[in-house]
Amino acid sequence: MDNNHNNKRDNLMMKGIPVSFAPIQLHNRLNRAVWIGFKRVDQDGRTLFFLCGGAESGAQLNKNFETFAGQIVREFGLEPAEVEFIELRVNAEESQWYRWHAQWVGSAPMASHGDLVTSESSRRYLTQALESGVVAA
């Protein structure tokens, strides 16, 4: 791991993004470059793509999901129907999980929305998947 990558990881930690996430630079809907945290995990035959914007307002997924998801699908060569986007929102009291859905036209997501994960078993599954060592390159 190079020193530049370590600096980016340190910056993410200061922005409230867990250390288990790797940094990725994307462009928000205003075409401004922002850093978010991500982790790609292959589990149970599915690709889970975890995202965390931390405290940076320009990286808010609720405003930028379609823009970010399109960039991620193209950058990683993903098939949209085979990937599930999960957002982790971390604050002082608790962490919340959001499962994002979109209608896809090629590699462009349309009409997206995020659903709060309220089921305890689903939250436990996502936590275990995030903490697992089975990471896809």
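Residue indices follow the written sequence of each chain, beginning from 1 at its first position. Totals for whole chains, interfaces and linings use every residue, but because this is a predicted model, local features are given only for residues with pLDDT of at least 70 and side-chain atom pairs only at 80 or more, for both listing and counting. Just so you know, side-chain values use all the structure's heavy atoms and leave hydrogens and water out.

Enquirer: Looking at this structure, I do not really get the overall build of the protein chain. What am I missing?
Expert: Runs of H or I in DSSP of at least four residues are treated as helices and runs of E of at least two as strands, each being numbered from the N terminus. Secondary structure assignment for the protein chain yields 3 helices and 6 strands. Counting only residues that meet the buried cut, the protein chain has 39% of its 137 residues in that class. Should any heavy atoms of two residues lie within 4.5 Å, those residues are considered in contact. In the protein chain, once contacts between residues fewer than 6 apart in sequence are set aside, the share between residues at least 24 apart is 48%. If you sum the accessible surface of the protein chain, you get close to 7600 Å²; carbon and sulfur atoms cover 47% of it. Classification of residues uses two cut-offs on accessible area relative to the type maximum, computed with a 1.4 Å probe and protein chains only: under 20% is buried, over 50% is exposed, and between them is partly exposed. For the area figures, the Shrake-Rupley method with a 1.4 Å probe applies, and any residue is considered shielded solely by the protein chains shown.

Enquirer: For this particular structure, what's the right way to read the environment of V90?
Expert: Structurally, the position occupied by V90 is in strand β4 (residues 83-90). Spatially, the C-alpha atoms of V90 and A55 are 8.5 Å apart, while their sequence positions differ by 35 residues. Not counting chain neighbours up to four residues away, the residues in contact with V90 comprise G16, P18, C52 and S95.

Enquirer: Help me understand the nonpolar core, please; the structure alone is not making it clear to me.
Expert: Generally speaking, nonpolar side chains in soluble globular proteins are found buried as a group. By nonpolar core we mean a set of buried residues, namely Ala, Val, Leu, Ile, Met, Phe, Trp, Tyr and Cys, connected to one another through side-chain atoms within 4.5 Å. Among the nonpolar cores identified, the biggest contains 19 residues, and I36, F49, L51, I72 and F85 are the most heavily contacted of them. Only β1 (22-27), β2 (33-43), β3 (46-52), α2 (61-76), β4 and β5 (95-105) provide two or more residues apiece to this core. Here this core gets 6 residues from one element, more than from any other, and that element is α2. Beyond its immediate chain neighbours, meaning those up to four positions away, I72 contacts L26, F49, L51, G77, L78 and F85. If you look at the next biggest cluster of nonpolar residues, it comprises 13 residues, including I17, L48, F50 and A129.

Nothing here speaks to function; it is all geometry.
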